[in-house]
Amino acid sequence: MTDDDTETPAESQGTATRHDRVTAHATPGPLNSLQHWPEAKPFLRVALNYVVIWICRVSPSLRLKNWLLRRIGVTVGEGVSWGLESTPDVFWPELITVRDHAIVGYDVTVLCHEFLQDEYRTGEVVVGERAMIGAGAILLPGVRVGEGASVAANSLVTEDVPPGETVAGVPARPMNGDQLGDD
């Protein structure tokens, strides 16, 4: 949630889902919503975001990545580590918050938008303090990954991940003792 947003009743009760935090934007006419992206975001802004994100994807310098991502609006906490080839949302990077000492692994994709047929949706993605996002994972718009939570490699995160929880799979689901090999 941004500073100028107010909590919905579901959020104030702690029962909000990612869908409660995603905003739908209708698009006119028979074309799919992706055809209307220049009406949603200025071309030059998206082009600049793309260049900055491309540099961040290939740069091994964590300090440079964090500095550049802050310049395009990503909220990046202290000591955040972005793996090579990780890709923040190119259209709405300002909707991404990664808190202190979190790890966003190799080739992770953080999406803050969904282009659909008749509308597009946007939603803030928050990665909590000391959370870990495994290589190749995808976070969908509106998702919140709690403090100290872990997302396994190649997982698709479609729902919030509670603090301290480990999730895995497509879609990502909580791991329990049986799945971890405990008896």
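Rules of the game
Counting restarts for each chain: residues are numbered from 1 in the order of the written sequence. Under the rules for a predicted model, residues below a pLDDT of 70 receive no local features and side-chain atom pairs below 80 are neither given nor counted, while totals for whole chains, interfaces and linings still include all residues. Hydrogen atoms and water are omitted, and side-chain values are computed over all heavy atoms in the structure. Strand pairing is assigned whenever DSSP detects at least two bridges linking the two strands. Counting from the N terminus, the helices are the DSSP runs of H or I reaching at least four residues and the strands are the DSSP runs of E reaching at least two. Think of it in three bands: residues with accessible area under 20% of the maximum for their type are buried, residues over 50% are exposed, and the middle band is partly exposed, with areas taken using a 1.4 Å probe on protein chains only. Note on charges: Lys and Arg go in the positive column, Asp and Glu in the negative column, and His and the chain ends are not counted at all. Just to be clear on terms, a salt bridge is a Lys or Arg side-chain nitrogen sitting within 4 Å of an Asp or Glu carboxyl oxygen. Two N or O atoms form a polar contact when they lie within 3.5 Å of each other; inside protein one atom must be a possible hydrogen donor and the other a possible acceptor, and for residues adjacent in sequence the pair counts only when both atoms belong to side chains. Contacts are assigned to residue pairs with any non-hydrogen atoms lying within 4.5 Å of each other. Take the buried residues of types Ala, Val, Leu, Ile, Met, Phe, Trp, Tyr and Cys, join any two whose side-chain atoms come within 4.5 Å, and each joined set is a nonpolar core. The criterion for an aromatic pair is that two Phe, Tyr or Trp rings (for Trp, the six-membered ring) have centres within 6.5 Å, with stacked assigned to planes under 30 degrees apart, edge-to-face to planes over 60 apart and tilted to the rest.

### Some remarks on the sheet that holds strand E4 (residues 87–88)
- If you walk across this open sheet you meet the four strands as E4-E7-E12-E15, and the pairing is parallel. The sheet terminates laterally at E4 and strand E15 (156–157), the two strands that pair on one side only.
- Taken together, the two bridges between strand E7 (residues 109–110) and strand E12 (residues 138–139) define a ladder with parallel strand orientation. Paired with Val-110 across the strands is Leu-139, a residue of E12.

### What to know about the side chain of Asp-89
- Summarising the element assignment, Asp-89 is placed in the loop between E4 and strand E5 (96–98).
- For Asp-89, which is buried and forms no salt bridge, the nearest opposite charge comes from Lys-41, at a distance of 7.8 Å.
- At 2.7 Å, the side chain of Asp-89 forms a polar contact with the backbone nitrogen of Cys-112.
- Ignoring any residue separated from it by four or fewer positions in sequence, one finds Asp-89 in contact with Ile-53, Ile-96, Val-110, Leu-111, Cys-112 and His-113.

### Some points on the nonpolar core
- By size, the foremost hydrophobic cluster in this structure holds 39 residues, and its most contacted members are Leu-69, Trp-82, Val-98, Ile-133, Leu-139, Val-145 and Val-151.
- Those elements that place two or more of their residues in this core are helix H3 (43–58), helix H4 (62–71), E5 and strand E10 (125–127).
- Tallying contributions element by element places H3 first for this core, with four residues.
- In this view, Val-151 contacts Met-132, Ile-133, Gly-134, Ala-137, Val-145, Val-157, Val-161 and Val-167; residues no more than four positions away in its chain are not counted.

### A look at the environment of Tyr-120
- With respect to the helices and strands, the residue Tyr-120 is situated in strand E9 (residues 119–122).
- The spacing of Tyr-120 and Asn-32 is 88 residues in sequence and 9.1 Å in space, taken between C-alpha atoms.
- Every residue in contact with Tyr-120, bar those within four places of it in the chain, is listed here: Thr-23, Ala-24, His-25, Thr-27, Ser-33, Ala-40, Trp-92, Glu-114 and Phe-115.

### Some thoughts on the sheet that holds strand E16 (residues 166–168)
- Taken in spatial order, the six strands make up an open sheet running E3-E6-E11-E14-E16-E17, and their pairing is mixed. One side of each edge strand has no neighbouring strand; the edge strands of this open sheet are strand E3 (81–82) and strand E17 (173–174).

### Thoughts on the packing of aromatic side chains
- Tallied over the full model, the rule gives seven aromatic pairs.
- Seen from their ring centres, Phe-91 and Phe-115 are 5.3 Å apart, and the 80 degrees between their planes marks the pair as edge-to-face. Taken together, the residues span a long stretch of sequence, with Phe-91 in the loop between E4 and E5 and Phe-115 in strand E8 (residues 113–115) at a distance of 24 residues.
- With a centroid separation of 5.5 Å and 20 degrees between ring planes, the pair formed by Trp-92 and Tyr-120 is classed as stacked. Pair noted here: Trp-92 is in the loop between E4 and E5 and Tyr-120 is in strand E9, with a separation of 28 residues, a long-range link.
- On the accessibility criterion, Tyr-120 (12% relative accessible area) is buried.
- Each member of the aromatic cluster is reached from another via a ring pair, and the members are Trp-37, Phe-43, Phe-91, Trp-92, Phe-115 and Tyr-120.

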